[in-house]
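Remarks on the overall topology
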Amino acid sequence: MFLLIYSLLFALTVIFALGVLLFENTVKSAVSLIFTMLCIAANYLLMRQEFVAFIQIIVYAGAIMVVFLFVIMLLNLREPERTPWYLRNMRYWAGALAFLFFFVLAWAIQVFAVSDVAPGAAALEELRRESGQAEVTQLATLMVTQYVVPFLLTSVLLLVAVIGAIVMARRKDEDGHEIVLDEEEEDA
Amino acid sequence: MEPVFEANLILSTLLFTIGILGVMWKRNAISLFMSVELMLNAANLAFVSFAFQLGLLSGGILVLFIMAVAAAEAGVGLAIFIALFRVRRHIRVDEQDLLHG
């Protein structure tokens, strides 16, 4: 039963990911990506990482993809994607390289990954049972003790990103002066 | 029953490969960005799989950091695309050949 659910999830994830690649329409591609992320969240749930799964749904499938869809809507990219002649041959080379990459990694996984013993999963269960804490509590404790420096650096990164996004999205004329929105029509 | 560790790694590799193909095949900058998100998701899946297999909690923390970086990347990148679209009226990446837009 578990194997059936897991196989279904595996197939769905790959199909939706292929949809991201193969849909010509950007909106369909984005919706396909949302479903891929939901499938990955379900996979996290199977691995008992509940907090990460819900953050995946809220932040990735929710927030980030809404920004993507919003920008797609804002730019209104109508024209179909036509491939110029100089890119057609490159596609085959790119595909060959990507599949070479996939087979090398798959071979490495087959050789080096050990899946018949899963002491870690049992250890994780044991840890959770004896500490009596939820996963969120343990993650939070780890985040403000061992990982406190990356945590603070992430806040700085997000601040820089917010300021950068505002600076990039501002309108300027040729001389670099700010354009006052009242004096011109909105066209974009 | 436990999820299959190797199958999860293979799934992660597959998603990463599809992301690479998207980055190399697509010309639309937004499609390119979505492929990069797919690759980040593949890395997240590998992190969580390893964390579950090895009984560590750090995998989840790294996933949270990656999500923060992805959010920052999406915000700044999409702002750049909007600025680019105002100048060029398209965002095909192979035709952007000037650093000042």
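On a predicted model such as this, the values are computed, not experimentally measured, just so you know. (Residues numbered from 1 in each chain as written. Chains lettered and ligands numbered in written order. Predicted model: local features only at pLDDT ≥ 70, side-chain atom pairs only at ≥ 80, totals over all residues. Heavy atoms only, no water.)

1. What about the overall build of chain A?
- Assigned secondary structure in chain A consists of 7 helices and 0 strands.
- Overall, chain A shows an N-to-C arrangement of helices and strands of α-α-α-α-α-α-α.
- Classification of the 188 residues of chain A by burial places 31% in the buried group.
- As displayed, chain A offers around 12200 Å² of accessible surface, 71% of which is attributable to carbon and sulfur atoms. (Helix = DSSP H or I, 4+ residues; strand = E, 2+ residues; numbered from the N terminus. Buried < 20%, exposed > 50% of the residue type's maximum accessible area, 1.4 Å probe, protein only. Areas by Shrake-Rupley, 256 points an atom, 1.4 Å probe, with all protein chains shown as cover.)

2. Let's talk about the overall build of chain B
- When its secondary structure is counted, chain B shows 3 helices and 0 strands.
- Order of helices (α) and strands (β) in chain B, N terminus to C terminus: α-α-α.
- The C-alpha atoms of chain B give 17 Å as radius of gyration, which overshoots the globular expectation for 101 residues (13 Å, by more than 25%).
- Referenced to the eigenvectors of the C-alpha coordinate spread, the extents of chain B come out at roughly 55 × 25 × 20 Å.
- When the 101 residues of chain B are sorted by exposure, 66% land in the buried category.
- When contacts within chain B are restricted to residue pairs at least 6 apart in sequence, those whose partners lie at least 24 apart make up 54%.
- In the form shown here, chain B has an accessible surface area of approximately 3500 Å², with 73% of it arising from carbon and sulfur atoms.
- In chain B, 6 side chains carry a positive charge and 7 a negative one; their mean positions are 18 Å apart. (Rg over C-alpha atoms; globule rule 2.2 N^0.38 Å. Contact = heavy atoms within 4.5 Å. Lys, Arg positive; Asp, Glu negative; His and termini not counted. Charge placed at Lys NZ, Arg CZ, Asp CG, Glu CD.)

3. Details of the interface of chain A and chain B
- Opposite the 80 residues of chain A that make contact, chain B presents 70 residues.
- Carbon and sulfur atoms make up 76% of the area that chain A and chain B hide from each other, which totals about 7400 Å².
- Across the contact surface, chain A and chain B share 0 salt bridges.
- Scanning the region where chain A abuts chain B turns up 9 residue pairs in polar contact (both at pLDDT 80 or more). (Buried area = accessible area lost by both parts, 1.4 Å probe. Salt bridge = Lys/Arg side-chain N within 4 Å of Asp/Glu carboxyl O. Polar contact = N/O pair within 3.5 Å; in protein donor to acceptor, adjacent residues only side chain to side chain.)

4. Some words on a nonpolar patch on the surface
Residue and element names in this part refer to chain A.
- On the surface, a cluster of nonpolar side chains totalling about 650 Å² of accessible area is made up of V27, V31, F35, L38, L45, F54, I57 and I58.
- Those elements giving two or more residues to the nonpolar patch turn out to be α2 (26-46) and α3 (50-75).
- The biggest single contributor to the nonpolar patch is α2, with 5 residues.
- Take V27: it is sitting in helix α2. (Patch = residues over 30% accessible without salt bridge, like charges linked within 9 Å, V, L, I, M, F, W, Y side chains within 5 Å.)

5. With respect to unusual backbone geometry
All names here are of chain A.
- Positioned with a positive phi, R48 is a non-glycine residue whose angle comes to about 60 degrees.
- With respect to the helices and strands, R48 occurs in the loop between α2 and α3.
- Residue class for R48 comes out partly exposed when judged on its relative accessible area of 28%.

6. A short note on the packing of helix α1 (residues 5-25) of chain B against helix α2 (residues 29-54) of chain B
Residues and elements named next belong to chain B.
- Close contact between α1 and α2 brings their axes to 8 Å; oriented N to C, the two are set at 165 degrees. As judged from the angle between their axes, α1 and α2 are roughly antiparallel. Crossing handedness for the pair α1 and α2: left-handed. The segment α1 lies against α2, with F5, N8, L9, L11, S12, L15, F16, I18, G19, I20, G22 and V23 engaging L32, S35, V36, L38, M39, A42, L45, A46, S49, F50 and Q53.
- Residues that form the contact of α1 with α2 fall into these classes: 16 nonpolar, 7 polar and no charged. (Axes fitted to C-alpha atoms, helices over the stretch in contact; angles between N-to-C directions. Parallel < 35°, antiparallel > 145°, perpendicular 65-115°, else oblique. Left-handed = near helix turned anticlockwise from the far one by under 90°. Nonpolar A, V, L, I, M, F, W, Y, C, P; charged D, E, K, R; others polar.)

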